[in-house]
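Here is how the chains run, residue by residue.
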Amino acid sequence: MELNQIKEVVTEKNEKDKLINAIGELGKWQVLMLMLVVWPTKISAGWQQLGIIFIAPTTKFMCTDTNLTEKVEMSKCYDDCANYEYHTEFGNTIISQWELICDRAWMAHFTQTVNMFGVLVGSVSFGFVADRYGRRPALLTACVLQLITTMAEAFCPTYWIFTGVRFFLGTSTAGTLLCAFIFIIEITGPRHRELIACLSAIPLSIGEMTMPIFAYFLRTYDMFCLGVAIPNLLYLVYFFIMPESPKWLITTGRLEEASMVMTQAAQWNNLPTENMLEVVKSIAADNVNSNDKKQSKATYMDLVKTKALKLNSICSCTIWFTLGITFYGSNQYIGETSSNIFISIFLAGLLQILKQTKILSFTFSDSGIDTGICPLYMFTSELFPTVARNMAMGASSMVSRIGSMIAPFVAGLKIVAPWLPPAAFACIPLLAAIACYLLPETRGNKLSDHLA
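Criteria and thresholds
- Residues numbered from 1 in each chain as written.
- Predicted model: local features only at pLDDT ≥ 70, side-chain atom pairs only at ≥ 80, totals over all residues.
- Heavy atoms only, no water.
- UniProt positions renumbered as here; feature names shortened; annotations may be inferred.
- Helix = DSSP H or I, 4+ residues; strand = E, 2+ residues; numbered from the N terminus.
- Buried < 20%, exposed > 50% of the residue type's maximum accessible area, 1.4 Å probe, protein only.
- Contact = heavy atoms within 4.5 Å.
- Areas by Shrake-Rupley, 256 points an atom, 1.4 Å probe, with all protein chains shown as cover.
- Disulfide = S-S within 2.5 Å.
- Core = buried A, V, L, I, M, F, W, Y, C linked by side-chain atoms within 4.5 Å.
- Expected span 1.5 Å × (residues − 1).
- Patch = residues over 30% accessible without salt bridge, like charges linked within 9 Å, V, L, I, M, F, W, Y side chains within 5 Å.
- Salt bridge = Lys/Arg side-chain N within 4 Å of Asp/Glu carboxyl O.
- Axes fitted to C-alpha atoms, helices over the stretch in contact; angles between N-to-C directions.
- Parallel < 35°, antiparallel > 145°, perpendicular 65-115°, else oblique.
- Left-handed = near helix turned anticlockwise from the far one by under 90°.
- Nonpolar A, V, L, I, M, F, W, Y, C, P; charged D, E, K, R; others polar.
- pLDDT = per-residue confidence, 0-100.

In the annotation of an unreviewed UniProt entry, the entry for the chain reads Major facilitator superfamily (MFS) profile domain-containing protein, and the organism field reads Arctia plantaginis. Regarding the chain, the UniProt comment filed under Subcellular location (unreviewed entry) reads as follows: "Membrane".

Below you can see the structure in the form of structure tokens.
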């Protein structure tokens, strides 16, 4: 299809989207929500989910109390060793704090696996809460939980309490990521969703780039945890600035509240605010059919009830699985094998930003439409209706966390053969390529509201 034809189709579909016409495709209000809600949650997510790189870095050890007469080797376990000395760039890590070496070495990877299991649980639970009770209460709950757990993480007296706290930290991180992203996508017009998705992805890389700065100056695991926790106090502001998604409010019949949010958005974007309630009622009337009441209470089973949704769900989960195992695994592999962990992680984050900048350049140019570049978060959100969008994102993210739970152990395969981890991280994405080929094009489409 020619570029002009594509633009005409997009414009025609957007004209039918009365909500977007009322609040604007992309204006000051959407940008404000992006900067104050999406960016902080993404940056913090980068710190929390990749923080294990500095909490449990590669740590050498040597036995200092043994009955052996021969020379003691570095990083070798001895049955009769009464004490080990740790050698690392950091003053203290969870490895040295709780002696996670020898027969306890698996516990360092287990901490990250539990954290990712928490993300899995959070993806499912907060996805359901956001679709059933609203984006705002789900996001606020996740933010408060993350604030509490990040603060508590620095003061855990035992390994098992620390690991338990990281489970709930993972749960909260999933909630903030999912709810904030779905919210910004639902208030952005179809012609700018690719741009917003790219801008939403950049903060995760910023988090990865800034994390080494915290680790460089805060050389103990507890101070590092506290350092990346304090900025989360910003979440308290969300109680005063975070609105509900007007699209969700209309879908659930809360028309007056939707009108208030849309009026505020229109004022920020210098658009007419007269008769906003009538506009909302018109949108609601367009959505009415005999099954709407039932559809507004969607469940996870609805994601596989029809052939189209079943295919979308299976393919989406496959793509997210490969994302989880390759992104988190490769970052941890870099952290464990690098000669300078601070520079390596900074450069890894910078590389991600350069990739996003390239995507943005395509988005702003005519060729961006032809190339079909579509970030995964946005693509998944467009595949499913409003009444089940967060649940679909939650289910996909849940499968991604299964991949991220496996990732530390895939990175650890370097002990068996140095070539195994990079080979695995290179081959697994082929599954995603196949799954992506089977999915429909969603560019420029109005976001659907109901399962029908």
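Next comes the rest of the description.
Below, the discussion takes up the overall build of the chain. Scanning the chain from terminus to terminus reveals 22 helices and two strands. Taken across its 452 residues, the chain has 54% of its residues classed as buried. Restricting the contact set of the chain to residue pairs at least 6 apart, pairs at least 24 apart contribute 80%. By element, 65% of the accessible surface of the chain is carried by carbon and sulfur atoms, the whole surface being about 19800 Å².

Here we take up the UniProt feature "transmembrane region" (unreviewed entry) in the chain. Per the UniProt record, "transmembrane region" (unreviewed entry) is annotated on residues 106–130, 137–161, 167–188, 195–215, 221–241, 311–331 and 423–440. Helix makes up 100% of residues 106–130 and strand 0%. Its end C-alpha atoms lie 35 Å apart. The annotated region residues 137–161 carries 80% helix and 0% strand content, and the separation between its end C-alpha atoms amounts to 28 Å.

With that settled, the discussion passes to the state of the cysteines. In this structure the tally under the stated criterion is two disulfides. Put simply, Cys 63 and Cys 81 are joined by a disulfide, and their sulfur atoms are 2.1 Å apart. Given an S-S torsion of about 115 degrees, the disulfide between Cys 63 and Cys 81 has right-handed geometry. Separated by 18 residues along the polypeptide, Cys 63 in strand E1 (residues 60–65) and Cys 81 in the loop between E1 and strand E2 (83–87) bring together distant segments of the chain. Both residues of the pair, Cys 63 and Cys 81, belong to the buried class. Here Cys 77 is linked by a disulfide to Cys 102, with a sulfur-sulfur distance of 2.0 Å. Between Cys 77 and Cys 102, the S-S torsion sits near -105 degrees, and that sign places the bridge as left-handed. Pair noted here: Cys 77 is in the loop between E1 and E2 and Cys 102 is in the loop between helix H5 (94–97) and helix H6 (106–133), with a separation of 25 residues, a long-range link. Taken in N- to C-terminal order, the disulfide-linked cysteines of the chain are connected 1-3, 2-4. The thiol sulfur of Cys 179 is not disulfide-bonded, and the nearest other cysteine sulfur, from Cys 143, lies at 8.5 Å.

Before going further, it helps to spend a moment on the nonpolar core. If you look at soluble globular proteins, the nonpolar side chains tend to sit buried side by side. One finds Trp 29, Ile 184, Ile 250 and Met 262 to be the most contacted residues of the largest nonpolar core, which totals 45 residues. With residues near it in sequence (within four places) discarded, Ile 250 still touches Leu 19, Leu 255, Ala 258, Met 262, Val 280, Ile 283, Ala 284 and Asn 287. Core analysis: the next-biggest nonpolar cluster, separate from the first, contains 37 residues, Ile 53, Tyr 84, Tyr 159 and Ile 345 among them.

Turning our eyes to something else, we now look at unusual backbone geometry. Despite not being glycine, Ser 75 shows a phi value in the positive range, around 60 degrees. Tracing the chain through its elements places Ser 75 in the loop between E1 and E2. We classify Ser 75 as partly exposed; its relative accessible area is 36%. Positive phi, normally seen in glycine, also occurs at Cys 102, with a value near 55 degrees.

We now examine helix H13 (residues 255–268). Between its first and last C-alpha, H13 extends 20 Å over 14 residues, near the 20 Å set by a 1.5 Å rise per residue. Looking at H13, one finds that the buried residues are Ala 258, Ser 259, Val 261, Met 262, Thr 263, Ala 265 and Ala 266. Each element contacted by the buried residues of H13 is listed here: helix H2 (18–23), helix H3 (28–50), helix H12 (246–251) and helix H14 (276–287).

The next thing to look at is a nonpolar patch on the surface. On the surface, a cluster of nonpolar side chains totalling about 690 Å² of accessible area is made up of Val 144, Ile 148, Ile 230, Leu 233, Leu 236, Phe 239 and Phe 240. Every element with two or more residues in the nonpolar patch is listed here: helix H7 (135–153) and helix H11 (238–241). Tracing the backbone through its elements, the reader meets Phe 240 in helix H11. Judged by relative accessible area, which is 76%, Phe 240 ranks as exposed.

Running from N to C, H3 and helix H8 (residues 159–186) point in directions that differ by 155 degrees, and their axes come no closer than 9 Å. The angle between H3 and H8 places the two elements in the roughly antiparallel class. The two elements H3 and H8 meet at a crossing, and its hand is left-handed. Together, Trp 29, Gln 30, Met 33, Leu 34, Val 37, Val 38, Thr 41, Lys 42, Ala 45, Gln 48 and Gln 49 of H3 and Arg 166, Leu 169, Thr 173, Thr 176, Leu 177, Ala 180, Phe 183 and Ile 184 of H8 make up the contact between the two elements. Counted by class, the contact of H3 with H8 contains 11 nonpolar, six polar and two charged residues.

On to the confidence of the model for the chain, then. Mean pLDDT for the chain: 81, with 80% of residues reaching 70 or above. Across the chain, the element-wise mean pLDDT spans from 34 in helix H18 (residues 367–371) up to 96 in H7. Across residues 290–295, confidence stays below pLDDT 50; counting only partners more than four residues off in sequence or on other chains, it has six contacts. Below pLDDT 50 for its whole length, residues 362–373 participates in 20 contacts with residues either more than four positions away or in separate chains.

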